[in-house]
Amino acid sequence: MVSRMQRVFAVALMSGFVGMTSAQKTSAAPDQLIYVRCGMLIDGTAGQPRSNVTVVVKNDRIAEIRDGITDAAQSTVVDLSHQTCLPGLIDTHTHVLLQGDITAADYDEQLLKQSSEYRAILATVNARRALEYGFTTIRDVETEGAGYADVDVKNAINNGVIPGPRMQVATRAMDVTGAYPLLGYAPSVEVPHGVQVVDGPDQARKSVREQISHGADWIKVYSDRSYKVREDGVLDDIPTFTPEELKAIVDEAHRERRKVASHAMALQGVHNSVEAGVDSIEHGNYIADQDLKTMVARGIFYVPTIYVGAYVAEGRAAEGAPVWVKMLAIHEDTFRRAMQAHVKIAFGTDAGGFAWTVNPAKEFAYMVKWGMTPAQAIRSATVSAADLLGWSNQVGTIEVGKFADVVAVTGDPLKDVSLLEKIDFVMKGGSVVKKPLQKE
């Protein structure tokens, strides 16, 4: 006779065997192979563009790069043999929770009339737009009053709930009392702010810890405000944080293995940020020569965001701030000096500072107009941007082992960089997001 205990043991053993067999079947699922035929390939490495190349994609990674157009089953082929393939683009300065803010009224209305929940819904639309524009990775540098909603957008993308680029996020950003909108309301009226208000080194450290605990990949600070052009042509400012506060923020962030991005547009904000050891200068309309040298020595990146300045200049001048028009020429001179000094430049647009219905790739043409070659501009949005994010082993080039992030255009962007505003094929992690329309 078989005892009851023996029967239970036998059933449990059989259940385990069935479960193990099921797991083995699941793990043995065939790899998904896609053959991407490229008429020309700009792979992002230092090599020359290659003609007639096949990129073999296995699941979400690049498995092989072959010379020649490989034949394969039609269902596994993406035919881009009449187009130029490039690595997925990277925008290192975006705001998916912002819908454009040429004037103070534009900004105030979003914070006062739109709930954080509604803004998060709009952010999902913006994330999809970014991806379809060809930006398979972005760094979103704060939510402008929407709390930690960027963390939720990032998680929703990672979990496959919504389409969008890979994201690194900076959550709330920081500024000091009285320095960041909303401003100008009656003292008795409580209004929201676009940042976390931080005063003093101790509170600064605590805020860094708080933001990281809620999902911040980066810490963002606003290091200056109130810009004016001096008689000698230097763009001056009022610094926000004291050097002690900035150093506390940078020290705490680096201690917790996070990087710091500093909104610093003019003389003192840039200098204080560089001396504090931030990892990137955002905007940098004016940077003194000595600070450029320090940036090179310390490996601090420059994210110039040119297009947004041109986009908002006339509107802000009409609102009583003509300095924004003057800042364009100063910015161009700084950009050219930064290139001559060999500062590391990463592509960033400040999308959200202008409407997301405008393609952020307009930035490329401005970079070329101000002195870059098309190849240098493309590198800023691939190799250099991946370096800034610390993801060089995952994205930024089309190489074996990296994520299969591929975009394609008709024509040669090395001759006409504005073609990147017309990307008609996007693959992120082996999944086709956008493909050329078929001609009838």
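Basis of the calculations
- Residues numbered from 1 in each chain as written.
- Predicted model: local features only at pLDDT ≥ 70, side-chain atom pairs only at ≥ 80, totals over all residues.
- Heavy atoms only, no water.
- 1 Å grid on protein atoms, 1.4 Å probe; cavity = no way out; pocket = protein on both sides within 12 Å on 5 of 7 lines; lining within 4 Å.
- Points joined across faces, edges and corners; volume = space filled by probe spheres on them.
- Helix = DSSP H or I, 4+ residues; strand = E, 2+ residues; numbered from the N terminus.
- Nonpolar A, V, L, I, M, F, W, Y, C, P; charged D, E, K, R; others polar.
- Pairing = 2+ DSSP bridges.
- Axes fitted to C-alpha atoms, helices over the stretch in contact; angles between N-to-C directions.
- Core = buried A, V, L, I, M, F, W, Y, C linked by side-chain atoms within 4.5 Å.
- Buried < 20%, exposed > 50% of the residue type's maximum accessible area, 1.4 Å probe, protein only.
- Contact = heavy atoms within 4.5 Å.
- Phe/Tyr/Trp six-rings, centres within 6.5 Å; stacked < 30°, edge-to-face > 60°.
- Lys NZ or Arg CZ within 6 Å of the ring centre and 35° of its normal.
- Parallel < 35°, antiparallel > 145°, perpendicular 65-115°, else oblique.
- Left-handed = near helix turned anticlockwise from the far one by under 90°.
- Expected span 1.5 Å × (residues − 1).

### Considering the layout of surface pockets
And then number 1: Roughly 1000 Å³ of volume is contained in the largest pocket.
And then number 2: Surrounding the largest pocket, 40 residues form its lining, D101, P181, Y227, R316 and W324 being those nearest its centre.
And then number 3: Taken together, the elements giving at least two residues each to the lining of the largest pocket come down to α2 (104-113), β10 (218-222), β11 (224-229), α9 (306-318) and α10 (323-340).
And then number 4: Among the residues forming the lining of the largest pocket, the class breakdown is 18 nonpolar, twelve polar and ten charged.

### So, the sheet that holds strand β1 (residues 33-41)
And then number 1: Pairing is mixed in the open sheet, where seven strands are placed in the order β3-β2-β1-β4-β16-β17-β18. Bordering the open sheet on either side are β3 (61-67) and β18 (431-434), each of which pairs with just one other strand. Adjacent strand axes in the sheet meet at a mean angle of 40 degrees when their direction is disregarded.
And then number 2: Where strand β17 (residues 425-428) and β18 come together, three bridges link them in antiparallel fashion. Bridging across to β18, V426 finds its partner in K434.

### Some words on the sheet that holds strand β5 (residues 89-94)
Strands in a sheet are paired, the pairing made by backbone hydrogen bonds, and the direction either parallel or antiparallel.
And then number 1: Taken in spatial order, the three strands line up as β5-β6-β7 in an open sheet, and their pairing is parallel. Each edge of the open sheet is held by one strand with a lone partner, namely β5 and β7 (166-169). Strand-to-strand twist of the sheet, defined as the mean angle between neighbouring strand axes without regard to direction, takes the value 15 degrees.
And then number 2: In this structure, strand β6 (residues 135-140) lies alongside β7, joined through four bridges in parallel fashion. Paired with D140 across the two strands is V169, which belongs to β7.

### Things to note about the nonpolar core
And then number 1: Grouped together as the largest cluster of nonpolar side chains are 88 residues, with contacts concentrated most on I219, M295 and F364.
And then number 2: Sorting elements by how many residues they give to this core places α10 first, with six residues.
And then number 3: Discounting residues that sit within four places of it in the chain, M295 has contacts with V274, I281, I287, I300, F301, Y302 and V343.
And then number 4: If you look at the next biggest cluster of nonpolar residues, it comprises 17 residues, including C38, V55, I62 and V78.

### Remarks on the packing of aromatic side chains
And then number 1: For the structure shown, the criterion picks out ten aromatic pairs.
And then number 2: Ring geometry for Y311 versus F354: centroids 5.7 Å apart, planes at 55 degrees, classification tilted. With Y311 in helix α9 and F354 in the loop between α10 and α11 (362-369), this residue pair connects regions lying 43 residues apart in the sequence.
And then number 3: Among the residues examined, F354 registers a relative accessible area of 0% and is labelled buried.
And then number 4: These aromatic residues form a ring-pair network of at least three members: Y307, Y311, F354 and Y366.
And then number 5: Across the ring face of F403, the terminal group of R166 is positioned such that the distance to the ring centre comes to 3.9 Å.
And then number 6: The side chain of R316 reaches across the aromatic face of W324, ending 4.5 Å from its centre.

### Some remarks on the packing of α9 against α10
Each packed pair of helices is defined by two parameters, the angle between the axes and the distance between the axes.
And then number 1: One way to put it is that α9 packs onto α10 with a least axis distance of 8 Å and a crossing angle of 160 degrees. Looking at the two axes, α9 sits roughly antiparallel to α10. In this structure, the crossing between α9 and α10 has a hand that is left-handed. Residues I306, G309, A310, V312, A313, E314, R316 and A317 of α9 pack against W324, V325, L328, H331 and F335 of α10.
And then number 2: Residues of the contact of α9 with α10, tallied by class, amount to nine nonpolar, two polar and two charged.

### Description of α10
And then number 1: With 18 residues, α10 extends 26 Å between its outermost C-alpha atoms, agreeing within 8% with the 26 Å of an ideal straight helix rising 1.5 Å per residue.
And then number 2: Two residues or fewer after α10 comes H342, characterised by a positive phi angle close to 65 degrees.

Interpretation in functional terms is not warranted from these geometric data alone.
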